Amino acid sequence: MKPGLVILLFGLVGGLCPIAALCDVRIESIKGPVGAQIDLVWPGPVQAEHILDGRGLTLFFSRPFGPVALEEIAHRLPGWIDNVQYGYDSLLLTLAGNVAATIRARPDGVRVLFTVGPPTAETQAAESLARRRLALVRASQWLEADAPAAARIGVQPVLDQTPNDIEALRLLAQAEEQQGRWRQAAESHGRILAQSPDDAASAEARARLLHEHGDQARLEHEIVAVQQADRQQITRLSGQSDAPASDTSFRYQLEHRRVRIDQLRRTDGVLRPLDTDRQSARLSLVHDWPAQEQTSASLFLARGVTGAGISHGFGSPGEETRAMVAWHEPQLTFVEGVVDRGRRDRFGLYRELRWSHAWTGGLGIAINRYGVGDAADAAGSVSGEGFLSWSFALFGLPLAPRAALTYLLDAEYLGGRAERSVREPGPDGTAQSTPFAPLPLTTREVHTGQLSLDDDLTDYLRWRLAAGYAYDRRNEGAPYLALFLTYEPLADLEIGVKASQASSTARGSSNVVESYGGYVNWRY
């Protein structure tokens, strides 16, 4: 065949390429961890031009594509190409947000190299918004799962980037409060209010935290009369004040007692009437640690008694464990301890659980050693305390008084008690030896069932009633009743009165104890 004829035939084939399989484009792609590549290749020579405008790469060719599924390009290179559009001899590739493209011509087509380029402002904003949403959702899930520490960590990157993000601050405040860090929770709500003064939720939460935990002072006066025993008038000043820019607070309790009793056997064994005053004080530094832990160091002062104590509590949402040790803590349960330098050395453990909003419980145990007057070892004991409480709406109605059924345990088992004797005239007038205990501590095991009701009479007046029966397995049982009225004329001022009647089970007897008094509490 002549060369000219061959050239003519090839020219005819080229002219018929639009309908010839020989002219179809072939797609070759490669994807790697740091780059990608796509080749568009024809069986013969082809010319290509391109326009790169932002994320749009348009390719023009001197030959048609033929019946090839060009939309597969996006499926082959996910993360590099977002969309594909094409026509008879042109192709538009929409690049992913942070992808850069380099175009290289080849005789039979074109090669496009994809690399990760610098992120655009649009891409950065979208990625930042996605990370924020994900972090906030995860923090909310951690809070619902009672994991506030994880929630605090999860929300921190959002606040690092946007310190005044209101939604992140709100989640942080919830996490801080769940961890017992009320100061930090109040501060977060304050940051929200600085940007949005009309935020009712944060205003209410911050006011509640300051109301429950903030600086305050309380002055109360109470009269306690024990049947066939003593009568005491007790004036008490207590309160707390936060140290500036610190997680430490100073707490104090100053007490003055006027004690009157017709006959009291003193440590020397002599019976004599008593009408005297006694003072005591408890000064404490309380530090809140980040991981829902709290340490309290206390100094005890009373007439003839100086002591100290320390306690440490730790836990998580729904539970708390506390250990404490005290040396020469003033012992004021018995009148003998009030007037004759009563003191107690103690080591105890206590654990409280909150299973739900309705159910709570706790149990504690302690080892005690008592002293009174010149008797350093007046008594020794092991004591236990506990409670189990169920809160509910009375009659199942939302507007009914709040109610709670509670079981209380107050037990102390005497391990040993010092005894003395005194010679005094007997019935026949002759001197006899009469034994007595300097501290009349006895074994008790008191089981109490209690129903309490709590409701608001008006917006500023609240009442609470507690009634039940206390049964001492070693002594007699008796009912008791207590009534409390609270009036809040101002947001930071609270005035209350109380009255109760019970039995003196703490002293191991069933004598009736009547108590009534009032208080003023000021939050500042």
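Moving on to the overall build of the protein chain. A tally of regular secondary structure across the protein chain gives eight helices and 26 strands. Relative to its length of 524 residues, the protein chain is extended, with a C-alpha radius of gyration of 41 Å against a globular reference of 24 Å. By its C-alpha atoms, the protein chain is 160 × 45 × 45 Å across when sized along the principal axes. Among the 524 residues that make up the protein chain, the fraction classed as buried is 40%. Sequence-distant contacts, at least 24 apart, represent 48% of the contacts inside the protein chain between residues at least 6 apart. As presented, the protein chain carries roughly 28600 Å² of accessible surface, and 59% of it is formed by carbon and sulfur atoms. Distance between charge centroids for the protein chain: 4 Å, based on 53 positive and 63 negative side chains.

Strand order across the open sheet formed by four strands is 1-2-8-7, with antiparallel pairing between neighbours. The strands lining the two open edges of the sheet, one partner per strand, are strand 1 (26–31) and strand 7 (99–106). Going across the sheet, the axis of each strand differs from the next one's by a mean of 15°, ignoring polarity. Where strand 7 meets strand 8 (residues 109–116), eight bridges bridge the pair, whose relative direction is antiparallel. By the bridge assignment for strand 8, Val99 is matched with Val116.

So, about the sheet that holds strand 3 (residues 48–53). Pairing in this open sheet of four strands is antiparallel, and the strands run 3-4-6-5 from one edge to the other. Across the chains shown, the open sheet's two edge strands, defined by having one partner strand only, are strand 3 and strand 5 (81–86). Strand-to-strand, the axes of this sheet are offset by a mean angle of 15°, without reference to chain direction. In this structure, strand 3 lies alongside strand 4 (residues 56–61), joined through six bridges in antiparallel fashion. Its bridge partner lying in strand 4, His50 is registered against Leu59.

With 28 residues, the main nonpolar core has Leu40, Ile73, Ile81, Leu91 and Phe114 as its most contacted residues. Broken down by secondary-structure element, the contributors of at least two residues to this core are strand 2 (35–41), strand 4, helix 2 (72–76), strand 5, strand 6 (90–95), strand 7 and strand 8. Once residues within four sequence positions are removed from consideration, Ile81 is found in contact with Ile73, Ala74, Leu93, Thr94, Ala96 and Phe114. In this structure, Leu136, Val155, Val158 and Leu159 belong to the second largest nonpolar core, which totals 14 residues.

Our focus in this paragraph is empty space enclosed by the protein. Any empty space left between the atoms is revealed when a probe the size of a water molecule rolls over them. Scanning all chains against the criterion turns up one cavity of 30 Å³ or more. Taken as a whole, the largest cavity holds about 100 Å³ of empty space. Along its surface, the largest cavity is lined by 15 residues, and Arg278, Gln279, Ala302, Leu332 and Val338 are the ones closest to its centre. Looking at the lining of the largest cavity residue by residue, the classes come out as five nonpolar, five polar and five charged.

Close contact between helix 6 (residues 182–195) and helix 7 (residues 200–213) brings their axes to 9 Å; oriented N to C, the two are set at 150°. By the angle class used here, helix 6 and helix 7 are roughly antiparallel. Of the two possible hands of crossing, helix 6 and helix 7 adopt the one that is left-handed. Contact residues: helix 6 offers Trp182, Ala185, Ala186, His189, Gly190, Ile192 and Leu193, while helix 7 offers Ser202, Ala203, Ala205, Arg206, Leu209, Leu210 and His213.

Across ten bridges, the pairing between strand 9 (residues 216–226) and strand 10 (residues 231–242) is antiparallel. Pairing of Arg218 across the sheet is with Ser238, part of strand 10. Adjacent in sequence and paired antiparallel, strand 9 and strand 10 are bridged by four residues, among which Gln228 carries a positive phi angle near 60°. With eleven bridges connecting them, strand 9 and strand 26 (residues 512–523) associate as antiparallel partners. Note that in strand 26 the partner of Val224 across the bridge is Ser515.

This paragraph deals with a nonpolar patch on the surface. Side chains of Ile310, Val325, Phe347, Leu349, Ile365, Ile367 and Val382 sit close together on the surface and give an oily, nonpolar patch of about 620 Å² of accessible area. At the level of elements, strand 16 (343–354) and strand 17 (359–372) are the ones that each hand at least two residues to the nonpolar patch. Assignment of secondary structure puts Leu349 in strand 16. For Leu349, a relative accessible area of 43% puts it in the partly exposed group.

This paragraph deals with the packing of aromatic side chains. Throughout the structure, instances matching the rule amount to seven aromatic pairs. A cation over an aromatic ring shows up here: Arg218 above the ring of Tyr519, its NZ or CZ 3.8 Å from the ring centre.

Considered as a void within the structure, the second largest pocket measures approximately 580 Å³ in volume. Lining the second largest pocket are 26 residues, with Glu177, Gly180, Trp182, His213 and Gln294 positioned closest to its centre. Broken down by secondary-structure element, the contributors of at least two residues to the lining of the second largest pocket are helix 6, helix 7, strand 12 (271–289), strand 13 (293–302), strand 14 (305–316) and strand 15 (319–330). Of all the elements, helix 7 adds the most residues to the lining of the second largest pocket, at four residues.

Rules used in this analysis
Residues numbered from 1 in each chain as written. Predicted model: local features only at pLDDT ≥ 70, side-chain atom pairs only at ≥ 80, totals over all residues. Heavy atoms only, no water. Helix = DSSP H or I, 4+ residues; strand = E, 2+ residues; numbered from the N terminus. Rg over C-alpha atoms; globule rule 2.2 N^0.38 Å. Buried < 20%, exposed > 50% of the residue type's maximum accessible area, 1.4 Å probe, protein only. Contact = heavy atoms within 4.5 Å. Areas by Shrake-Rupley, 256 points an atom, 1.4 Å probe, with all protein chains shown as cover. Lys, Arg positive; Asp, Glu negative; His and termini not counted. Charge placed at Lys NZ, Arg CZ, Asp CG, Glu CD. Pairing = 2+ DSSP bridges. Axes fitted to C-alpha atoms, helices over the stretch in contact; angles between N-to-C directions. Core = buried A, V, L, I, M, F, W, Y, C linked by side-chain atoms within 4.5 Å. 1 Å grid on protein atoms, 1.4 Å probe; cavity = no way out; pocket = protein on both sides within 12 Å on 5 of 7 lines; lining within 4 Å. Points joined across faces, edges and corners; volume = space filled by probe spheres on them. Nonpolar A, V, L, I, M, F, W, Y, C, P; charged D, E, K, R; others polar. Parallel < 35°, antiparallel > 145°, perpendicular 65-115°, else oblique. Left-handed = near helix turned anticlockwise from the far one by under 90°. Patch = residues over 30% accessible without salt bridge, like charges linked within 9 Å, V, L, I, M, F, W, Y side chains within 5 Å. Salt bridge = Lys/Arg side-chain N within 4 Å of Asp/Glu carboxyl O. Phe/Tyr/Trp six-rings, centres within 6.5 Å; stacked < 30°, edge-to-face > 60°. Lys NZ or Arg CZ within 6 Å of the ring centre and 35° of its normal.

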